[in-house]
Structures are given as structure tokens and as C-alpha cells.
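Observations on the model geometry
Here are the chains, one letter per residue:
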Amino acid sequence: MTQREQASAEARSRILAAAAEVIVRDGLAQVRMASIARAAGVSAGLLHYHFDTKELLFGEVLRYSHARSAELNHRALADAGDDPAVRLSSFLDRCMPSDEQRAHEWLLWQELDLLCLRDPGLAEVSADLYEDLYATVTGLVVDGLAAGVFHTALEPRLVAETAVALTDGFGARVLAHDPTLGVEQARTAIATTVGVLVGHDGPLPAPAPSPRKGGRPAWTSV
């Protein structure tokens, strides 16, 4: 890669990281391309060189944030060890707004969610990213079945989609500070329900503790 190409790639990453931060900070309705350029430390011209429309930028922000989050998901699975039940529990916990970092991820996705419903292009991006989640959870369920830890006649894909839907529903309530549902209650409900779905001997175990501390958003440098 030439110096010019490297500089261009770095500027693009700064823009995407800044856009994610501005969306979370200001809310999508208040986001302006100029404010993103200022946050990224680039000119408006350079911003439009990389992303000539908001829709294109938002689609790439979704991909960028998902890629950063996926890095942390892989780390969570690596930290979880070999037990299929702990691995599944740890991955599903990564899908919850259970700390500041994950809450930032959730706020970004919540801001962009309604836009995805109205924009076919963004909806396609969102569907692709959810497919990655479904595929990962499906693989974890299949691993548990092969190891004899899970026992279910349900299709692993159906279990995966249901488990992700549970994290979405409970996660939205936690993020909204529902007074009747805290993070630990949501974890218990998900562990119990998914434990039944996969045919585990009781609820899924607690997720493996994460060695990462602090609340850095997933779109910042990790």
C-alpha cells in the first residue's frame, strides 16, 4: 500500500469512527455531515470524497461498527474456553447492552434501526449483519449438540434466530432503563429460555468474565 493509499484508508476509518460517535452523541436526526467532518478532523470535501451521501455513510458505519464488535465477539469466545454452553452464554451476553461499551454499540444500532426500515439499501446491510449473528449462534448450537451438551430436536437456525431475538427484546428494555428489568434479570431470563431451547440441563451458565475493562466504544481503536 502506498503512503497515499494508507492516508486515505486512515482518513476513511477516522470518518467512520467519528460518524458513529456523533450519531450516538447527538441522535440521528441532529447529525450533519459538517459535524462528522469536524469530529473526524477532516475537511468537508474529503468527507464527501469518501461518502457522497448520508445513506452511503450510514451503511458503512453499520459495517464498520459490526466489524469492530465482531473482533470483541471473537475475543469473548476465545476467553470462554471449550465448554459449548459457556461459549453460547458468553456470545449472547456480548449481544446485550450490559456495560458502557456495549450500550454505545446498542445506541448506534437503535439510532440506525428505523432508518433501515425506510431505506432498502440500509435494510440489506442490516440483514447481512444479522445473518452473521445468526450463523455464529447456529454454529455454537451445533457444536453443543455434537458435544452432547445440548439436546434438542429444534433446528439450530431456529434456535439461533430466537436467541438473538431475545437479546434484542431484552436489550432494548435494558437500554431504555426499564425499571422492571435490570441487566442481571435479563441475563437470567435469556439463560433460562435459551437453556430450554437447546435442551441444556438447566439454564445456560454465566458468561465467562471479560478481561477487558472500561467503556470504550467498539468503533474506537481496540
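Okay, so let's go over this structure. These figures come from a predicted structure and were not determined experimentally. The numbering scheme is per chain: residues are counted from 1 as the chain's sequence reads. Only residues with pLDDT of at least 70 are given local features in this predicted model, and only at 80 or more are side-chain atom pairs given and counted; all residues enter the totals for whole chains, interfaces and linings. Side-chain measures here rest on the full set of heavy atoms in the structure, leaving out hydrogens and waters.

As for the packing of helix α7 (residues 120–146) against helix α8 (residues 156–175)
Interaxial angle, 0 to 180 degrees, is taken between N-to-C directions of lines fitted to C-alpha atoms, where a helix line uses only the stretch in contact. Starting at the N terminus, helices and strands are each numbered in turn, a helix being any DSSP run of H or I of at least four residues and a strand any DSSP run of E of at least two. Where α7 meets α8, the axes come as close as 8 Å, and the angle between the chain directions of the two elements is 120 degrees. In this view, α7 runs oblique relative to α8, as classed from their interaxial angle. Crossing angle aside, the handedness with which α7 passes α8 is right-handed. Two secondary-structure elements touch here, α7 through Tyr 130, Glu 131, Leu 133, Tyr 134, Val 137, Thr 138, Val 141, Val 142 and Leu 145 and α8 through Pro 156, Arg 157, Val 159, Ala 160, Glu 161, Ala 163, Val 164 and Asp 168. Throughout, the term roughly parallel applies to angles under 35 degrees, roughly antiparallel to angles over 145, roughly perpendicular to angles from 65 to 115, and oblique to all others. Two helices cross in a left-handed way if the nearer one is turned anticlockwise from the farther one by less than a right angle. They cross in a right-handed way if the turn is clockwise. We call two residues in contact whenever any of their non-hydrogen atoms come within 4.5 Å of each other.

Some thoughts on the pattern of salt bridges
Here a salt bridge means any side-chain nitrogen of Lys or Arg lying within 4 Å of a carboxyl oxygen belonging to Asp or Glu. Within the structure shown, the criterion is met by 12 salt bridges. Between Arg 187 and Asp 93 there is a salt bridge, with its nearest N and O atoms 2.6 Å apart. Linking Arg 187 in helix α9 (residues 183–198) with Asp 93 in helix α5 (residues 84–94), this pair joins segments that are 94 residues apart in sequence. When a residue's accessible area, from a 1.4 Å probe over protein chains only, is under 20% of the maximum for its type it is buried; when over 50% it is exposed; and in between it is partly exposed. Overall, the relative accessible area of 24% leaves Arg 187 in the partly exposed class. Measuring nitrogen to oxygen at the nearest pair gives 2.8 Å for the salt bridge that ties Arg 157 to Glu 131. Here Arg 157, found in helix α8, pairs with Glu 131, found in helix α7; they are 26 residues apart in sequence, far enough to count as distant. Bridged by salt links that share partners, the residues Asp 93, Asp 99, Arg 102, Glu 184 and Arg 187 form one connected network.

Concerning the nonpolar core
Nonpolar core, defined: a set of buried Ala, Val, Leu, Ile, Met, Phe, Trp, Tyr and Cys residues in which side-chain atoms within 4.5 Å join the residues together. The biggest cluster of nonpolar side chains holds 29 residues, and the ones touching the most others in it are Leu 57 and Val 61. At the level of secondary structure, the elements contributing two or more residues to this core comprise α1 (3–26), α2 (33–40), α4 (54–80), α6 (100–118) and α7. Of the residues forming this core, the biggest block, nine residues, is contributed by α1. Formed by 28 residues, the second largest nonpolar core is a distinct cluster that contains Cys 95, Ala 160, Val 198 and Leu 204.

Details of the environment of Arg 173
With respect to the element layout, Arg 173 can be found in helix α8. With relative accessibility at 34%, the residue Arg 173 sits in the partly exposed group. Between the C-alpha atom of Arg 173 and that of Ala 186, which follows or precedes it by 13 residues, the distance is 8.9 Å. Filtering out sequence-adjacent residues up to four positions away, Arg 173 remains in contact with Asp 178, Thr 180 and Leu 181. The term polar contact refers here to a pair of N or O atoms within 3.5 Å; inside protein, the definition further demands a hydrogen-donor-capable atom paired with an acceptor-capable atom, and it admits residues adjacent in sequence only when both atoms are side-chain atoms. Of note is the side chain of Arg 173, whose polar atom sits 2.9 Å from the side chain of Asp 178.

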